[in-house]
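What follows is the residue order along each chain.
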Amino acid sequence: MSRRTDAGPLDGLVVLDLSRALAGPHAAMLLGDLGARVIKVENPEGGDDSRGWGPPFVGDGESTYFMSCNRNKESIALDLKARDDLDLLARLVVRADVLVENFRPGTMHRLGLGNDRLLELNPRLVVLSISGFGHDGPEAGRAGYDQIAQGEAGLMSLTGPSPDDPQRVGVPISDLLAGLYGITGVLAALAERERTGRGQVVRTSLLAATVGVHAFHGTGWTVAGEIGQARGNHHPSITPYGMFRCLGGHVQLSCGSEGLWRRLCAEFGLDPAAPRRADNATRTRNREEVVSLLEATFADIPADVLLKRLLAAGIPAGRIRSIAEVYEWEQTRSQGLVTEIAHPTLGTVTVPGPALRFFDPDPGGGEQETTPAVRSAAPALGAHDRVIREWAT
């Protein structure tokens, strides 16, 4: 029997979220998903920039962009140029475990909250600082926006139909990756704090996070001297692996081993040992020929029928779903990736759920789910001012 709990692995930890836009708020939200108390510090004049990002807006101008990265948080409005509010922030720092910020390098120091001052106030504090291009180096002062980082970090040169038509990834992936790398560092620093009793500063950037996922494209250049290029919807090193046209649509399939290639050929009456496709390296050198062969083979097969045949033959395969189809898909819902939550102005809303689940094994071989519930929707600006001020007194 499964169960959900309001507590989580980080229950009892306090996170101060001074960040705006996406990278920092995403990181802080994930810590909140894991059970931490997250206090979002916002400018009284409009709050986080992303409150104004849209459409779509719902209700009385609520930004769904803001809602996407600020669940499980409380909001307090503080003017960081006002002495009284800075003093209150200092008191919050003393009681916090983690502080997240993504100002341009040097901004926190100018506010009188440089890392030396933060750790003087609270030697156990873990500070996550996310920048656009790094906190030092010749271009440290540049502002970081996702698509600019995607381009500067080489990702757009790898994305799109051809090298002549670079494309951004369809989600703000540099921002999101920076948030994910950031909380990885935070969790490591919290673990080290258990041994040393001291906090530390964790730094990452949109540049670092994007370069960090170059994977085989990175080593392809640094080791082999080969520059990766955009190749549309087909893998640069594995063939066949990509999207294929069929009757009335498309399917995706992957033959990541020679065994899978032989299964594919057996299912559709092809010769797996033909000279120009006998092994993966040969097939990849002749990728266009292999793709053309398979698309000719699939031309008279409807997408649903083709997908069933591929899966029955043990070939990894799938369809291409719209965003609406993903959230309506029973498999998505079975993983807790869609949840309902009360919103302060909209009533009950359906929102994406956290990507992690937790389980306790039972002695009898079963398991109980202990995944923390989504406790609250994104807050209204300053909604928790009074509660937080009383707590910090």
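Residues numbered from 1 in each chain as written. Predicted model: local features only at pLDDT ≥ 70, side-chain atom pairs only at ≥ 80, totals over all residues. Heavy atoms only, no water.

- An unreviewed UniProt entry annotates the protein chain as CoA transferase originating from Pseudonocardia sulfidoxydans NBRC 16205.

## Description of the overall build of the protein chain
Part 1: In terms of helices and strands, the protein chain carries 16 helices and 15 strands.
Part 2: Each of the three principal axes of the protein chain carries a C-alpha extent, and together these read 75 × 55 × 45 Å.
Part 3: Taken across its 393 residues, the protein chain has 43% of its residues classed as buried.
Part 4: The contacts in the protein chain between residues at least 6 apart in sequence include a share of 66% that link residues at least 24 apart.
Part 5: Entry remark: accessible area of the protein chain is about 20000 Å², with carbon and sulfur atoms responsible for 53%.
Part 6: For the protein chain, the separation between the mean place of its 40 positive charges and that of its 48 negative charges on side chains is 2 Å. (Helix = DSSP H or I, 4+ residues; strand = E, 2+ residues; numbered from the N terminus. Buried < 20%, exposed > 50% of the residue type's maximum accessible area, 1.4 Å probe, protein only. Contact = heavy atoms within 4.5 Å. Areas by Shrake-Rupley, 256 points an atom, 1.4 Å probe, with all protein chains shown as cover. Lys, Arg positive; Asp, Glu negative; His and termini not counted. Charge placed at Lys NZ, Arg CZ, Asp CG, Glu CD.)

## Observations concerning helix α3 (residues 83-95)
Part 1: Here α3 is 13 residues long and its end C-alpha atoms lie 19 Å apart, about the 18 Å a rise of 1.5 Å per residue gives.
Part 2: On its buried side, α3 packs onto β1 (14-17), β2 (37-42), β5 (74-77), β6 (98-101), α5 (115-121) and α16 (385-392). (Expected span 1.5 Å × (residues − 1).)

## Some details on the nonpolar core
Part 1: Core analysis: the largest hydrophobic core is formed by 27 residues, its most contacted members being Val15, Leu31, Val98, Val126, Leu128 and Val186.
Part 2: Contributing elements (two or more residues each) for this core: α1 (23-33), β6, β7 (126-131), α7 (173-196) and α8 (206-211).
Part 3: Not counting residues up to four positions away in its chain, the partners in contact with Leu128 are Ala27, Leu99, Val100, Glu101, Gly182, Ile183, Val186 and Val202.
Part 4: Core analysis: the second largest hydrophobic core is formed by 26 residues, Ile76, Ala90, Val93 and Ile388 among them. (Core = buried A, V, L, I, M, F, W, Y, C linked by side-chain atoms within 4.5 Å.)

## Examining the packing of α1 against α7
Part 1: Viewed as axis vectors pointing N to C, α1 and α7 meet at an angle of 45°, and their least axial separation amounts to 8 Å. With respect to each other, α1 and α7 are oriented oblique. Crossing angle aside, the handedness with which α1 passes α7 is right-handed. Residue-level inspection shows Ala23, His26, Ala27, Leu30 and Leu31 of α1 in contact with α7, the latter providing Asp175, Leu176, Ala178, Gly179, Leu180, Ile183, Val186 and Leu187. (Axes fitted to C-alpha atoms, helices over the stretch in contact; angles between N-to-C directions. Parallel < 35°, antiparallel > 145°, perpendicular 65-115°, else oblique. Left-handed = near helix turned anticlockwise from the far one by under 90°.)

## Topic: the sheet that holds β2
Part 1: Read across the open sheet, the 6 strands follow the order β5-β2-β1-β6-β7-β8; overall the sheet is parallel. Two strands close off the open sheet at either side, each with one partner strand: β5 and β8 (201-205). Ignoring strand direction, the axes of neighbouring strands in this sheet form an average angle of 20°.
Part 2: Summarising the sheet, β1 and β2 pair through 4 bridges and their orientation is parallel. Looking across to β2, one finds that Asp17 is bridged to Lys40.
Part 3: Relative to β1, α3 is tilted by about 145°, and along the sheet it contacts β1, β2, β5 and β6. (Pairing = 2+ DSSP bridges.)

## Description of the layout of surface pockets
Part 1: Of the volumes computed, that of the largest pocket is approximately 1100 Å³.
Part 2: In this structure, the largest pocket is lined by 37 residues; those nearest its centre are His26, Ser68, Arg71, Tyr327 and Pro352.
Part 3: At the level of secondary structure, the elements contributing two or more residues to the lining of the largest pocket comprise α1, α2 (64-68), α7, α14 (323-328), β12 (338-343) and β13 (347-352).
Part 4: Taken together, the residues of the lining of the largest pocket sort by class into 27 nonpolar, 8 polar and 2 charged. (1 Å grid on protein atoms, 1.4 Å probe; cavity = no way out; pocket = protein on both sides within 12 Å on 5 of 7 lines; lining within 4 Å. Points joined across faces, edges and corners; volume = space filled by probe spheres on them. Nonpolar A, V, L, I, M, F, W, Y, C, P; charged D, E, K, R; others polar.)

## A look at the pattern of salt bridges
Part 1: Tallying each qualifying case throughout the model produces 19 salt bridges.
Part 2: A salt bridge links Asp17 to Lys73, with the shortest nitrogen-to-oxygen separation between them at 2.8 Å. Placement of the pair is Asp17 in strand β1 and Lys73 in the loop between α2 and β5, with a sequence separation of 56 residues. For the residue pair Asp17 and Lys73, the accessibility class agrees, reading buried in each case.
Part 3: Notably, a salt bridge pairs Arg245 with Glu295, separated by 2.9 Å at the nearest N-O pair. In this pair, Arg245 is assigned in strand β9 (residues 241-246) and Glu295 in helix α12 (residues 287-298), connecting sequence segments 50 residues apart.
Part 4: For Arg245, a relative accessible area of 52% puts it in the exposed group. (Salt bridge = Lys/Arg side-chain N within 4 Å of Asp/Glu carboxyl O.)

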